[in-house]
Amino acid sequence: MSSSKLNDFLQSSRRYDEDILGKKRPVTVVIGNESCDLDSAVSSITYAYFLSLESPPDCAVVPVINVLRKHYDVKTEVKYFLNHNNIEDNMLVFRDEIDLNALHSANRLELVLVDHHVLPADMSALSAAVTRVLDHRPRVDTCVTSSPHVQVDIRPVGSCVTLVGRHLDSKGLLSDRQVATLVYGTILLDTSNFSPITKKATDLDREVAALCETKAHVSNAKDLYDRLVAAKTDTSRLSTYSLLIKDMKKVHGIPLSVLTMSVKDFLERPDAEANIKEFCTEHEARVMLILGVIVTGGSQLRDLFIYPNTCQPLADKIEEHLKASTAPKLDLHMVENKFGGKIFKEINTYSTRKQVLPIVERAILSYDSETRTGS
């Protein structure tokens, strides 16, 4: 395995348990969102690398992959692309391998959020430790960016790593082939290879990708994109339960899992209902949402499942808000009842999860407010 400056940085940050905790050094942790997709993972690694060049010698910088180590194999495209670029699993720090609460209690933690700007409930106590935010999804009311000491860069680009790429370029880091390839491939995947159909790419995405293209020595962008899509959609070794956690985010405790297959096909699995119930129990979910996305020839087909679990009124409220949304307009049409939930076909295939989540959040807040008022 070839060495590189990025790999050397990762190896040093991996020794946090022996070095950082032992020497009581301040720690800057860079962490992506809990879905731990390729954008979050690469943004965490590359932005931490950038920050390490700016940080004083007595401050450690650690990129954290926001998933349990035992679940890393579920992140098929992340594992594939990092391994393909000489970043082995043993170079990485996973969520269950660093005690953020202990670091925060010792006043030694600076937390940097990439690819999200809202802390999940189990990390809410760390909000005072947040110092920087880079994100590309619509800003929501519960963001952690209201404090004046937080440096914020939230812009509607196709990929968060595009924002990271601007910082990397300022230090000349995009001239490194390994870094350029990681950034370039991630932008390709997030923008569907700059597809005019999905309309995810912005001028800034194209600008940063162009800076990377030559240094990454990618002769065929479509081939790289196709390999990443193949890795992401390779679920041949995954259990039904693993599919639910592969690409999942929560909003106020409500999980939204994204599948690289149709929801209708997923629910036909013989153990689908049992695994959905197990998942909801484990995550204490009142309601669960599952979004199916199929990419074919640059176009997308989507369907959505709203499963009420223990709270049918909340499921109804979420359905109401999704149907009423005009920005984006989802055009949901119910096609089938299944396991007590509803399957919807989504006509507007340009919408993304980061657009849907704020709608779901508003529905939850509305329902909880009405429930408290009425009690």
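Residues numbered from 1 in each chain as written. Predicted model: local features only at pLDDT ≥ 70, side-chain atom pairs only at ≥ 80, totals over all residues. Heavy atoms only, no water.

1. Regarding the overall build of the protein chain
Along the protein chain, the regular secondary structure elements total 14 helices and twelve strands. For a compact globule of 375 residues, the expected C-alpha radius of gyration is about 21 Å, and the protein chain comes in at 20 Å, within 12% of that figure. Considering only C-alpha atoms, the protein chain reaches an extent of 55 × 50 × 35 Å along its principal axes. Residues counted as buried form 56% of the 375 residues belonging to the protein chain. Long-range pairs, those at least 24 residues apart, make up 68% of the contacts in the protein chain with a sequence separation of at least 6. Charge centroids of the protein chain, computed over 45 positive and 50 negative side chains, lie 2 Å from each other. (Helix = DSSP H or I, 4+ residues; strand = E, 2+ residues; numbered from the N terminus. Rg over C-alpha atoms; globule rule 2.2 N^0.38 Å. Buried < 20%, exposed > 50% of the residue type's maximum accessible area, 1.4 Å probe, protein only. Contact = heavy atoms within 4.5 Å. Lys, Arg positive; Asp, Glu negative; His and termini not counted. Charge placed at Lys NZ, Arg CZ, Asp CG, Glu CD.)

2. Comments concerning the pattern of salt bridges
Close approach of charged atoms allows side chains of opposite charge to pair. A full pass over the atoms with the stated rule returns 20 salt bridges. As a salt-bridge pair, lysine 342 and glutamate 319 come within 3.1 Å of each other at their nearest N and O atoms. Taken together, the residues span a long stretch of sequence, with lysine 342 in strand 12 (residues 341-346) and glutamate 319 in helix 13 (residues 312-324) at a distance of 23 residues. With a relative accessible area of 26%, lysine 342 lands in the partly exposed category. (Salt bridge = Lys/Arg side-chain N within 4 Å of Asp/Glu carboxyl O.)

3. Re the packing of aromatic side chains
Here the structure, examined in full by the defined rule, presents five aromatic pairs. Consider the rings of tyrosine 47 and phenylalanine 50, whose centres lie 5.6 Å apart with planes at 15°: the pair is stacked. In this pair, tyrosine 47 and phenylalanine 50 are both assigned in helix 3 (residues 38-54), three residues apart and thus about one turn of the helix distant. Accessibility classification places tyrosine 47 together with phenylalanine 50 in one group, the buried group. (Phe/Tyr/Trp six-rings, centres within 6.5 Å; stacked < 30°, edge-to-face > 60°.)

4. Some points on helix 8 (residues 203-216)
Relative to the 20 Å expected for 14 residues at 1.5 Å per residue, helix 8 spans 20 Å between its end C-alpha atoms, a close match to the ideal helical length. Those residues of helix 8 lying buried are Leu204, Asp205, Val208, Ala209, Cys212 and Ala216. In the core, the buried residues of helix 8 are packed alongside helix 6 (160-170) and helix 7 (177-190). (Expected span 1.5 Å × (residues − 1).)

5. Comments concerning helix 1 (residues 5-14)
Burial in helix 1 covers these residues: Leu6, Asn7, Phe9, Leu10, Ser13 and Arg14. Projected down its long axis, helix 1 shows its buried positions confined to an angular sector of 155°, all on one face. As for helix 1, its buried residues are in contact with helix 3, strand 2 (60-65), strand 3 (93-94) and helix 7. (Arc of directions from axis to C-beta.)

6. Concerning the pairing of strand 5 (residues 130-135)
Among the six residues that make up strand 5, five are buried, leaving the element largely enclosed by the rest of the structure. Note: strand 4 (residues 109-114) against strand 5, four bridges, orientation parallel. The partner of leucine 113 across the bridge, within strand 5, is valine 133. (Pairing = 2+ DSSP bridges.)

7. Structural notes on the sheet that holds strand 5
Taken in spatial order, the six strands of this open sheet run 3-2-1-4-5-6, and their pairing is parallel. Two strands in the sheet have a free side with no partner beyond their single neighbour: strand 3 and strand 6 (151-154). Of the pairings in the sheet, the one linking strand 2 to strand 3 comprises two bridges and is parallel in character. Note that in strand 3 the partner of isoleucine 65 across the bridge is phenylalanine 94. Running over the sheet, helix 3 touches strand 1 (27-31), strand 2, strand 4 and strand 5 and is turned about 180° from strand 2. Strands in contact with helix 6 are strand 4, strand 5 and strand 6; relative to strand 5, the strand with the most contacts, it is inclined by about 115°. (Axes fitted to C-alpha atoms, helices over the stretch in contact; angles between N-to-C directions.)

8. Concerning unusual backbone geometry
Even without a glycine there, the phi angle at cysteine 36 is positive, about 50°. Here cysteine 36 lies in the loop between strand 1 and helix 3. For cysteine 36, a relative accessible area of 1% corresponds to the buried category. The phi torsion at asparagine 309 lies on the positive side, around 45°, for a residue other than glycine. Structurally, asparagine 309 can be placed in the loop between strand 10 (299-307) and helix 13.

9. Side note on the packing of helix 1 against helix 3
Two elements in contact, helix 1 and helix 3, have axes whose closest approach is 10 Å; the angle formed by their N-to-C orientations is 90°. The angle between helix 1 and helix 3 falls in the class roughly perpendicular. The segment helix 1 lies against helix 3, with Lys5, Leu6, Phe9 and Leu10 engaging Ile45, Ala48, Tyr49 and Ser52. (Parallel < 35°, antiparallel > 145°, perpendicular 65-115°, else oblique.)

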